[in-house]
Amino acid sequence: MTGNRSGRHFLQIPGPTNVPDRVLRAIQHPTIDHRGPRFQQLARDVLDRLRLIFKTDSPIVIFPSSGTGAWEAALVNTMSAGDKVLMYETGHFASLWYSLAERLGLDPQLIAGDWRSGVDADTIQGILERDSGHKIKAVCVVHNETSTGVTSDIPAVRHAIDSAGHSALLMVDTISSLASIDYRHDEWGVDVTVAGSQKGLMLPPGLGFNAVSEKALSAAEKATLPRAYWSWAEVLETNQTGFFPYTPATNLLMGLQEAIEMLLGEGLENVFSRHMRFGEATRRAVQAWGLELLCLNSLEFSNSLTAVVMPETINADDFRRIVLERFDMSLGNGLGQLAGKVFRIGHLGDFNDLMLMATLSGIEMTLDVSAVPHKKGGVQAAIDYIGTQAQA
Ligand SMILES: *Cc1c(COP(=O)(O)O)cnc(C)c1O
């Protein structure tokens, strides 16, 4: 694409998401001394109030990293070489976490999934019950599988571990759910919550997070995988005084402070119901078009993104290319085994009803021009639904 295009680009991928102007302005700030008093004040505030977003009283370790780094940190801090880890193949991201665990020298077991459903807690419980020697040291699940648009029931996984009387840690990837879909680190008994900056938190990419329970902290004292950059201990120790052991991403932390302010100002309950509205309106549009939702079970529909199955005769990436050329809108691609078969509509983060309507309109118009077999009326179905919903 050459030349200028007027108006804003529509970034409707499920992360990185649109960064609000308030956050952009907070980041656009001269660099400060990361060992000085102004930084100390910033770090103390962010480390304290971030816990309200994770719904935890436990410490949260912040890394200058992608979400992948936060996956690695969760494992290297708590595991030893050869430890068994139970993982669940909800889709592409769960599979990536699994191969990361393999490369770290762990012994992960991946429960096979169909890439259209969430975690089956009974299967996890059965495996844990048969592991009488408690060789499995962690159960790792993805809360919102971003490759499929499927959300898993985390309290059910906690219940499965408890019912099996098992000692494994529970680790949850919330990279595309935190601050869009209800999530509760403490209440749900999660030991390590993995998160990233560039999705519900409305920041650019570049921060990774681990919220860490007491049990995870004691596991970290005994675990022996090598760790240096990712070590929680040094970060937690220096955080006590409002600093970090190495140069933190100072300007992203300024943005994070603003994002926390915005999320708490809106109220997390309102944030979640706004995302529920986007999810429901989008699904109604897709169903009115007569297209298929990738997610099979309505109890597992994701409110942060929707993956749409393309009719077999059409390559989803061709469709996405036309959307980009015609309407300057980016939609998410199919990942892994879903490449070319689905497109994903991101509806999370700094996003409102009219942005959603524009997004759905761009899709419906492109369905027309690219001759995808479909019915009219998806946009109308979304209008009819949104019009009846109370605005937060
Ligand atoms: C985006 C995402 C990741 C990967 O995060 P990176 O920042 O790209 O490393 C992992 N898991 C889930 C569920 C995601 O949505």
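So, here's what we can say about the structure. In this text, all values refer to a predicted model and were calculated from it rather than measured experimentally.

1. A word on empty space enclosed by the protein
Thinking step 1. For the coordinates displayed, the defined rule picks out 2 cavities of 30 Å³ or more.
Thinking step 2. Estimated volume of the largest cavity: approximately 50 Å³.
Thinking step 3. Along the walls of the largest cavity sit Thr148, Gly149, Arg283, Leu293, Cys295, Phe301, Ser302, Leu305, Thr306 and Ala307, which together make up its complete lining.
Thinking step 4. Here the element with the most residues in the lining of the largest cavity is strand 12 (residues 305-309); it accounts for 3 residues.
Thinking step 5. In terms of residue class, the lining of the largest cavity is built from 5 nonpolar, 4 polar and 1 charged.
Thinking step 6. Ile62, Phe63, Pro64, Leu207, Phe244, Tyr246, Pro248, Ala249 and Leu253 together form the lining of the second largest cavity.

2. Some words on the sheet that holds strand 8 (residues 169-173)
Thinking step 1. If you trace the 7 strands from one edge of the open sheet to the other, you get 2-10-9-8-5-3-4, paired in mixed fashion. Since the sheet does not close on itself, it has two edges, and those belong to strand 2 (60-64) and strand 4 (107-111), each with one partner. Between one strand axis and the next, the sheet turns through 20° on average, direction left out of account.
Thinking step 2. With 5 bridges connecting them, strand 5 (residues 136-142) and strand 8 associate as parallel partners. Residue pairing across strands places valine 139 opposite leucine 170, the latter belonging to strand 8.
Thinking step 3. Across the sheet, helix 3 (residues 67-78) lies against strand 2, strand 5, strand 8, strand 9 (192-196) and strand 10 (207-212), angled at about 160° from strand 9, the strand it touches most.
Thinking step 4. Each of strand 2, strand 9 and strand 10 touches helix 8 (residues 232-239); the most contacted strand, strand 2, lies at about 110° to it.

3. Some details on the sheet that holds strand 11 (residues 292-293)
Thinking step 1. Overall, antiparallel pairing links the 3 strands, which are arranged 11-12-14 in an open sheet. In the strand order of this sheet, the two ends are held by strand 11 and strand 14 (342-346), each with one partner.
Thinking step 2. Bridging between strand 12 and strand 14 involves 5 bridges; their strand directions are antiparallel. In the strand pairing of strand 14, valine 309 is matched with valine 342.

4. A closer look at the site of the ligand
Thinking step 1. Not every one of the 13 residues close to the ligand is listed here, only the nearest: Thr68, Thr146, Asp173, Gln198 and Lys199.
Thinking step 2. In this structure, an oxygen atom belonging to the ligand sits 3.1 Å away from a side-chain N or O atom of serine 66.
Thinking step 3. Within the side chain of lysine 199, a nitrogen or oxygen atom sits 2.6 Å from an oxygen atom of the ligand.
Thinking step 4. Notes on the ligand: free accessible area 380 Å², of which the protein chains cover 87%.
Thinking step 5. Counting residues per element, the shell around the ligand draws most heavily on helix 3, at 3 residues.
Thinking step 6. Broken down by class, the residue content of the shell around the ligand amounts to 4 nonpolar, 7 polar and 2 charged.

5. With respect to the pattern of salt bridges
Thinking step 1. All told, the structure shown has 20 salt bridges when counted by the stated rule.
Thinking step 2. In this structure, the salt-bridge partner of arginine 49 is aspartate 45, at a minimum N-O distance of 3.0 Å. Residue arginine 49 and its partner aspartate 45 are both found in helix 2 (residues 37-54); the two are separated by 4 residues, about one turn of the helix.
Thinking step 3. Judged by its relative accessible area of 22%, aspartate 45 is partly exposed.
Thinking step 4. Here arginine 184 and glutamate 187 are joined by a salt bridge, their closest N and O atoms 3.2 Å apart.
Thinking step 5. Where salt bridges share partners, they join Lys55, Asp182, Arg184, Glu187 and Glu269 into one cluster.

6. Describing helix 12 (residues 353-369)
Thinking step 1. Relative to the 24 Å expected for 17 residues at 1.5 Å per residue, helix 12 spans 24 Å between its end C-alpha atoms, a close match to the ideal helical length.
Thinking step 2. In this fold, the buried residues of helix 12 make contact with strand 1 (10-12), helix 10 (268-289), helix 11 (316-327), strand 13 (329-331), strand 14 and helix 13 (378-388).
Thinking step 3. For helix 12, the N-terminal cap is asparagine 352; the gap from its side-chain oxygen to the backbone nitrogen of leucine 354 is 3.2 Å.
Thinking step 4. Positive backbone phi, at 55°, marks alanine 371, one or two positions downstream of helix 12.

7. Points about the environment of alanine 381
Thinking step 1. By the element assignment, alanine 381 lies in helix 13.
Thinking step 2. Here alanine 381 is in contact with Arg284 and Ala288, once residues within four sequence places are set aside.

8. Considering the pairing of strand 4
Thinking step 1. Direction of pairing for strand 3 (residues 84-88) relative to strand 4: parallel, over a ladder of 5 bridges. Across the sheet, residue leucine 86 finds its bridge partner in strand 4, namely glutamine 109.

9. A few points about the packing of aromatic side chains
Thinking step 1. Inspection of the entire model under this criterion finds 9 aromatic pairs.
Thinking step 2. Arranged with centres 4.7 Å apart and planes meeting at 10°, the rings of tyrosine 229 and tyrosine 246 form a pair that is stacked. Remark: tyrosine 246 occurs in the loop between helix 8 and helix 9 (250-266) and tyrosine 229 occurs in the loop between helix 7 (214-222) and helix 8; sequence separation between them is 17 residues.
Thinking step 3. What makes tyrosine 229 partly exposed here is its relative accessible area of 35%.
Thinking step 4. On the numbers, 5.0 Å between centres and 35° between planes, the contact of phenylalanine 319 with phenylalanine 343 is tilted. One end of the pair, phenylalanine 319, is in helix 11; the other, phenylalanine 343, is in strand 14, and 24 residues separate them in sequence.
Thinking step 5. Clustering of aromatic rings is evident, with ring pairs tying together Phe63, Tyr229, Trp230 and Tyr246.
Thinking step 6. Above the ring of phenylalanine 93, the side-chain terminus of lysine 199 is found at 5.3 Å from the ring centroid.

Here is what the cut-offs are and how they apply
- Residues numbered from 1 in each chain as written.
- Predicted model: local features only at pLDDT ≥ 70, side-chain atom pairs only at ≥ 80, totals over all residues.
- Heavy atoms only, no water.
- 1 Å grid on protein atoms, 1.4 Å probe; cavity = no way out; pocket = protein on both sides within 12 Å on 5 of 7 lines; lining within 4 Å.
- Points joined across faces, edges and corners; volume = space filled by probe spheres on them.
- Helix = DSSP H or I, 4+ residues; strand = E, 2+ residues; numbered from the N terminus.
- Nonpolar A, V, L, I, M, F, W, Y, C, P; charged D, E, K, R; others polar.
- Pairing = 2+ DSSP bridges.
- Axes fitted to C-alpha atoms, helices over the stretch in contact; angles between N-to-C directions.
- Contact = heavy atoms within 4.5 Å.
- Near = heavy atom within 4 Å.
- Polar contact = N/O pair within 3.5 Å; in protein donor to acceptor, adjacent residues only side chain to side chain.
- Areas by Shrake-Rupley, 256 points an atom, 1.4 Å probe, with all protein chains shown as cover.
- Salt bridge = Lys/Arg side-chain N within 4 Å of Asp/Glu carboxyl O.
- Buried < 20%, exposed > 50% of the residue type's maximum accessible area, 1.4 Å probe, protein only.
- Expected span 1.5 Å × (residues − 1).
- Phe/Tyr/Trp six-rings, centres within 6.5 Å; stacked < 30°, edge-to-face > 60°.
- Lys NZ or Arg CZ within 6 Å of the ring centre and 35° of its normal.

Note that all results are geometric; they support no functional claim without further evidence.
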